[in-house]
Amino acid sequence: MIRRMEVSDIPSVADMEKMYFSVPWSEAGLLESLNMENYLVLVAEEAGEIAGYAGLSVILDEGDITNIVINERYRGRGLGRELLERLLEAGAGRGANAFT
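What comes next concerns the included structure. Quick caveat, the model's predicted, so the values are computed rather than measured.

Concerning the overall build of the protein chain
Okay, so step 1: Secondary structure summary: the protein chain contains 3 helices and 5 strands in total.
Okay, so step 2: Walking the protein chain from its N terminus toward its C terminus, one meets helices and strands in the order β-α-α-β-β-β-α-β.
Okay, so step 3: Expected size for 100 residues packed as a compact globule is a radius of gyration near 13 Å; at 13 Å, the protein chain falls within 12% of this value.
Okay, so step 4: Along the first, second and third principal axes, the C-alpha atoms of the protein chain reach 35 × 30 × 25 Å.
Okay, so step 5: Taken over 100 residues, the protein chain has a buried fraction of 38%.
Okay, so step 6: Residue pairs in contact within the protein chain that sit at least 24 positions apart in sequence constitute 58% of those at least 6 positions apart.
Okay, so step 7: Surface exposure of the protein chain reaches about 5700 Å², of which carbon and sulfur atoms provide 52%.
Okay, so step 8: Averaged over its 9 positive side-chain charges, the protein chain has a centre that lies 5 Å from the centre of its 17 negative ones.

Focus on the sheet that holds strand β2 (residues 39-46)
Okay, so step 1: Spatially, β1-β2-β3-β4-β5 is the arrangement adopted by the 5 strands of the open sheet, whose pairing is mixed. With one partner strand each, in any of the chains shown, β1 (2-4) and β5 (98-99) form the two edges of the open sheet.
Okay, so step 2: Each of β2, β3 (49-59) and β4 (62-70) is contacted by helix α1 (residues 10-20), which is oriented at about 85° to β3, the strand it contacts most.

Considering the side chain of S57
Okay, so step 1: Among the secondary structure elements, S57 is positioned in strand β3.
Okay, so step 2: Judged by its relative accessible area of 13%, S57 is buried.
Okay, so step 3: Excluding residues that lie within four positions of it along the chain, S57 makes contacts with N38, Y39, E62, G63 and D64.

Scoring rules and cut-offs
Residues numbered from 1 in each chain as written. Predicted model: local features only at pLDDT ≥ 70, side-chain atom pairs only at ≥ 80, totals over all residues. Heavy atoms only, no water. Helix = DSSP H or I, 4+ residues; strand = E, 2+ residues; numbered from the N terminus. Rg over C-alpha atoms; globule rule 2.2 N^0.38 Å. Buried < 20%, exposed > 50% of the residue type's maximum accessible area, 1.4 Å probe, protein only. Contact = heavy atoms within 4.5 Å. Areas by Shrake-Rupley, 256 points an atom, 1.4 Å probe, with all protein chains shown as cover. Lys, Arg positive; Asp, Glu negative; His and termini not counted. Charge placed at Lys NZ, Arg CZ, Asp CG, Glu CD. Pairing = 2+ DSSP bridges. Axes fitted to C-alpha atoms, helices over the stretch in contact; angles between N-to-C directions.

And the structure:
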């Protein structure tokens with residue numbers, strides 16, 4: 001299931017940030033992103049576990065894809081592609097016509 005990140009997802013997302021990035025987003029930063037109108041984080045959930053997530057920032061007509069992460073246990077199932085497609089749809093719905 002792909003859905004918007006909720007406050008209860010932040011610890012899992014922050015753990016993956018630490019696992020896969022040398023400069024990870026903090027829990028405070030992730031919480032702040034939930035309150036930013038131009039920012040969207042989607043999570044992929046399987047069996048009650050966050051399998052991956054992806055972030056998008058939209059400023060004017062440009063979408064900036066910040067991160068796409070899939071936990072190693074869930075790779076190879078197309079979750080990254082699905083998250084990317086959903087981000088692009090959401091960004092277009094928010095007026096973005098170019099993405100980086």
